[in-house]
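If you want the building blocks of each chain, they are given just below.
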There are 2 protein chains.
Amino acid sequence: MDVFKVSILGCGSAKPTLRHNPSAQIVNFRDNLFLVDCGEGTQLQMLKMKVKVNRMHHIFISHLHGDHCYGLPGLLSTLGLMGAQGSITIHLPKGGMELFKPLTDFAVHNMDIIYEPYEYGNHVIYEDKSLIVNTMPLKHRMECVGFVFREKPQPRHIIREMVDFHKVPIRCMKDIKDGADFVKEDGTVVPNEVLTKPADKPRVYAYISDTLPLKAVSSEVKGADLLYHEATFGNADAPRAQETCHSTALQAATVAKNAEVKRLIIGHYSSRYKEEQDLLKEAQTVFPNTVLADEGLTFDV
Amino acid sequence: MDVFKVSILGCGSAKPTLRHNPSAQIVNFRDNLFLVDCGEGTQLQMLKMKVKVNRMHHIFISHLHGDHCYGLPGLLSTLGLMGAQGSITIHLPKGGMELFKPLTDFAVHNMDIIYEPYEYGNHVIYEDKSLIVNTMPLKHRMECVGFVFREKPQPRHIIREMVDFHKVPIRCMKDIKDGADFVKEDGTVVPNEVLTKPADKPRVYAYISDTLPLKAVSSEVKGADLLYHEATFGNADAPRAQETCHSTALQAATVAKNAEVKRLIIGHYSSRYKEEQDLLKEAQTVFPNTVLADEGLTFDV
């Protein structure tokens, strides 16, 4: 199956700690790399994890709190310095360009930086022939979105021996992958099911950044293969979560359960917790297939 | 003697490495902390080194290359988040405010940030009753300055037993510290030298950031107790140093020798060197009392 995986570069929250970096992840889809959020120090973590930055041409920023975007100037500056090939597009909330463009205009000369501000809401912000990425509005102290990475439906798999046996010409192959039957010169019909196997089910990864727990998220990410959901607080700090527009581990797990996702990653831990195992235990009471994010981990979608 | 020391937070150069942070230092003068340059990740290194940020109210930025200033938004944001007391003043080159103010205006609400742009040249940019800081123009690919921290001449030291013996009243003490003789009621003169010892010689620390080697630096920092001078390159890469407006270790040592400083710290190592001992050896051929900067080290001035 094609590569589709998520690597955690940072899963701490606003107050810096020596245990976690601020938010950042790499989504690797068929060796195209997408950076999701870019807290301070992201470029260093990329270096540590040997991320192939030349394969990265899109950055998605969920919102403009510093722990999600202050790594941008340094990263872009270094890419410019290294003479990175091609352009890089920064998808960020409206207003964000005004904050970062002065810095990057001043410092980055060797590469094209394209700022693509998106409107708060539910919008497709990236699409290619096999992947589509949309935003979904979250509820935080400022406008903040999640990102949903959806693999597009793929053509059916050719059964090599059968197409050879029936002598299907090359020119017919595309139609057959798309589901057509094969009609021989003598009029015999070979049903598509004989020649192909069903395509893999398109995979979905959702990154749900800073937010109160939302029913809308469960609907949006229904059946996703992998969900990253912030879980800044434990249950004992639920009032603090409410007050700061964050989620508890239990709430994140409830979203995952209602969405019937296959697996949940929690992260964005508050600096107050020295031991995230407690957050994990709380989440697993509701959604057993939960794992803890940690710097350096990679998860298959 | 009053505290006057320098702690290295970062001594790498523009290209990030896993061995060094970009430029940043803390100058501690009588428990007032001054941050000198602020590369990305400075706030994390401060956390690691347990720097008392509440004692820090001035930041000096030598120039606007990212490895000397991209840690500012994160640091200031965190200070705001922590509810740091009082204001913080950023002394930075003209043009720098326009780069950083949009970010800090957007993100920092709980503390006053005062931007104090300085003109390229030789200017006093900070002064209190016991310390004076001036810029000195360097020669780099953009306008860049060094910072010279000069302790002000201090009053003479009172010899407690002698002032007690001669029954010097409290009201006369300030004059005596300033060098006056003591005249008793019967007209007897007690010479100042009997009552006091000379003040300690005022100490000087100079931070010489990115630059070609300059004779003017040797004059400016003549006799300084401690000199930090960039030494981005080894001698074999002298042409590259010239081309990028940096210094070699040997050149830094020559500046130190001509300035007759007491001790030299070299830093701002290019990422190409895995082993800075070679730079040290080169410098020591000219100026033996040279040491290597490294994250976490503290040097008395």
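Throughout, a residue's number is its position along its own chain's written sequence, starting from 1. Labels are handed out in written order, letters beginning with A for the chains and numbers beginning with 1 for the ligands. Under the rules for a predicted model, residues below a pLDDT of 70 receive no local features and side-chain atom pairs below 80 are neither given nor counted, while totals for whole chains, interfaces and linings still include all residues. Remark: hydrogens and water are excluded; side-chain values derive from all non-hydrogen atoms of the structure.

J.: Quick one: what's the story with the pairing of strand β8 (residues 131-137) of chain A, residue by residue and with numbers?
T.: All names here are of chain A. The cut-offs for exposure are 20% and 50% of the maximum accessible area for each residue type, with area from a 1.4 Å probe on protein chains only; residues under the lower value are buried, those over the upper are exposed, and the others partly exposed. Secondary structure is summarised from DSSP: a helix means a run of H or I of at least four residues, a strand means a run of E of at least two, and numbering begins at the N terminus for each. Within β8, five of the seven residues are buried, leaving the element largely enclosed by the surrounding structure. Direction of pairing for strand β7 (residues 124-127) relative to β8: antiparallel, over a ladder of three bridges. Bridging across to β8, Glu127 finds its partner in Ile132. Where β7 hands over to β8, the hairpin turn is made up of three residues, counted between the paired strands. When DSSP finds two or more bridges between a pair of strands, those strands are recorded as paired. Pairing of β8 with strand β9 (residues 145-151), which is carried by seven bridges, proceeds in the antiparallel orientation.

J.: Residues and numbers for the sheet that holds β8(A), please.
T.: Residues and elements named next belong to chain A. In space, the seven strands of this open sheet follow the order β7-β8-β9-β14-β15-β16-β17, with mixed pairing throughout. The strands lining the two open edges of the sheet, one partner per strand, are β7 and β17 (290-292). Here the average twist between neighbouring strands, direction ignored, is 20°. Relative to β17, strand β16 (residues 263-267) runs parallel, the two sharing three bridges. Along β17, the bridge assignment pairs Leu264 with Thr290. Each axis is a line fitted through C-alpha atoms, taken for helices only over the stretch in contact, and angles between the N-to-C directions span 0 to 180 degrees.

J.: Give me the packing of helix α2 (residues 72-81) of chain B against helix α3 (residues 96-107) of chain B: which residues, what numbers.
T.: Residue and element names in this part refer to chain B. Relative orientation of the contacting elements α2 and α3 amounts to 25°, with a least axis distance of 10 Å. Relative to α3, the element α2 is oriented roughly parallel. When you trace α2 past α3, the crossing you get is right-handed. Seen from α2, the contacting residues are Leu72, Pro73, Leu76 and Ser77; seen from α3, they are Phe100, Leu103, Thr104 and Ala107. The class makeup of the residues in the contact of α2 with α3 is six nonpolar, two polar and no charged. Any angle between 65 and 115 degrees counts as roughly perpendicular, while under 35 counts as roughly parallel, over 145 as roughly antiparallel, and the rest as oblique. When the near helix sits turned anticlockwise from the far one by under a right angle, the crossing is termed left-handed; a clockwise turn instead gives a right-handed crossing. When checking whether two residues touch, look at their non-hydrogen atoms; a contact exists if any pair is within 4.5 Å. Gly is put with the polar residues, along with every residue not named as nonpolar or charged; the nonpolar set is Ala, Val, Leu, Ile, Met, Phe, Trp, Tyr, Cys and Pro, and the charged set is Asp, Glu, Lys and Arg.

J.: Please give an account of helix α9 (residues 249-259) of chain B that cites residues and values.
T.: Residue pairs spaced three or four apart in an α-helix point in one direction, given the helix's 3.6 residues per turn. All names here are of chain B. Looking at α9, one finds that the buried residues are Ala249, Ala252, Ala253, Val255, Ala256 and Ala259. In an axial view of α9, the angular spread of the buried residues amounts to 155°, which keeps them on one side of the axis. As for α9, its buried residues are in contact with α7 (215-220), β15 (226-230), β16 (263-267) and α10 (277-286). Count one or two residues on from α9 and you reach Glu260, which has phi positive near 55°. What the arc covers is the set of directions going from the helix axis to the C-beta atoms.

J.: I'd love a proper account of the pattern of salt bridges, names of residues and values included.
T.: Definition used for salt bridges: Asp or Glu carboxyl oxygen within 4 Å of a side-chain nitrogen of Lys or Arg. For the coordinates displayed, the defined rule picks out 20 salt bridges over all chains. For the salt bridge of Glu243(A) with Arg240(A), the shortest nitrogen-to-oxygen distance reads 3.4 Å. Residue Glu243(A) and its partner Arg240(A) are located together in helix α8 (residues 238-243), separated by three residues, close to a single helical turn. Judged by its relative accessible area of 35%, Arg240(A) falls in the partly exposed class. For Glu127(B), the salt bridge identified is with Lys152(B), shortest N-O distance 2.8 Å. Pair noted here: Glu127(B) is in strand β7 (residues 124-127) and Lys152(B) is in the loop between β9 (145-151) and β10 (157-158), with a separation of 25 residues, a long-range link.

J.: Any chance you could break down the relation of the copies chain A and chain B for me, citing the residues and the numbers?
T.: When chain A is brought onto chain B, the operation consists of a screw motion whose angular component is 180° and whose axial shift is 0.0 Å, with 0.1 Å RMSD remaining. Look at the turn and shift together and you get a two-fold axis relating the two. For chain A, the minimum C-alpha distance to the rotation axis belongs to Gly41(A) and amounts to 2.9 Å. Residues below a pLDDT of 70 in either copy are left out; the C-alpha atoms of the rest, at least 70 in both, set the least-squares superposition of the copies.

J.: Would you mind going over the side chain of Ser7(A) in detail, with residue names and values included?
T.: Residues and elements named next belong to chain A. As for its placement among the helices and strands, Ser7 is situated in strand β1 (residues 4-10). Assessed through its relative accessible area of 13%, Ser7 is described here as buried. Here a polar contact means two N or O atoms within 3.5 Å. Within protein one must be a hydrogen donor candidate and the other an acceptor candidate, and residues neighboring in sequence count only if both atoms are side-chain atoms. Of note is the side chain of Ser7, whose polar atom sits 2.7 Å from the side chain of Thr298. If we ignore the near neighbours within four places in the chain, the residues touching Ser7 are Ala24, Gln25, Ile26, Met49, Leu297 and Thr298.

J.: Which residues make up the packing of aromatic side chains, and what values do they have?
T.: Working definition: a ring pair exists when centres of Phe, Tyr or Trp rings (six-membered ring for Trp) sit within 6.5 Å. Plane angles under 30 degrees give stacked, over 60 give edge-to-face, the rest tilted. For the structure on display, the rule yields 22 aromatic pairs over all chains. Judged by centre distance (6.1 Å) and plane angle (65°), the ring pair of Phe34(B) and Phe149(B) falls under edge-to-face. Of this pair, Phe34(B) sits in strand β3 (residues 32-38) while Phe149(B) sits in strand β9; the two residues are 115 residues apart in sequence, bridging distant segments of the chain. Residue Phe34(B) shares its accessibility class with Phe149(B), and that shared class is buried. Each residue in the set Phe34(A), Phe60(A), Tyr118(A), Tyr126(A), Phe147(A), Phe149(A), Tyr205(A), Tyr207(A) and Tyr228(A) is aromatic and connected to the rest through ring pairs, giving one cluster.

J.: How would you summarise the side chain of Lys152(B) if you had to cite specific residues and measurements?
T.: A distance of 2.8 Å separates polar atoms of two side chains, one belonging to Lys152(B) and the other to Glu127(B). If sequence neighbours within four positions are ignored, Lys152(B) has contacts with Glu127(B), Asp128(B), Lys129(B), Ser130(B), Leu131(B), Ile132(B) and Pro202(B).

J.: Lay out the interface of chain A and chain B with the relevant residues and their values.
T.: At the junction of the two partners, chain A supplies 29 residues and chain B supplies 29 residues. As a working definition, buried area equals the accessible area (1.4 Å probe) given up by two parts on being put together, with both sides summed. Taking both partners together, chain A and chain B bury about 2,500 Å²; carbon and sulfur atoms supply 73% of that area. There are zero salt bridges connecting chain A and chain B. Taken together, the links from chain A to chain B amount to four residue pairs in polar contact (both at pLDDT 80 or more). Of all the elements in the fold, those that place two or more residues in the side of chain A that touches chain B are α1 (42-48), α2 (72-82) and α3 (96-107) of chain A. Ranked by residues supplied to the side of chain A that touches chain B, first place goes to α3(A) with seven residues.

J.: Can you tell me about the packing of α3(A) against α3(B), naming the residues and giving the values?
T.: For any two helices packed against each other, one specifies the inter-axial angle together with the distance between the axes. Look at α3(A) against α3(B): their axes get within 8 Å of each other, and the N-to-C directions meet at 160°. It follows that α3(A) is roughly antiparallel to α3(B) by the angle criterion. Crossing geometry of α3(A) relative to α3(B) is assigned as left-handed. Counted together, Glu98(A), Leu99(A), Phe100(A), Pro102(A), Leu103(A) and Phe106(A) of α3(A) and Glu98(B), Leu99(B), Phe100(B), Pro102(B), Leu103(B) and Phe106(B) of α3(B) form the full contact between these two elements. Partitioning the contact of α3(A) with α3(B) into residue classes produces ten nonpolar, no polar and two charged.

J.: Go over the confidence of the model for chain A with me, naming the residues and quoting the values.
T.: Of the residues in chain A, 100% reach a pLDDT of 70 or more, and the chain-wide mean stands at 96. As a predicted assembly, this complex carries a pTM of 0.93 together with an ipTM value of 0.91. Every residue is assigned a pLDDT by the predictor, reflecting its confidence on a scale from 0 to 100.

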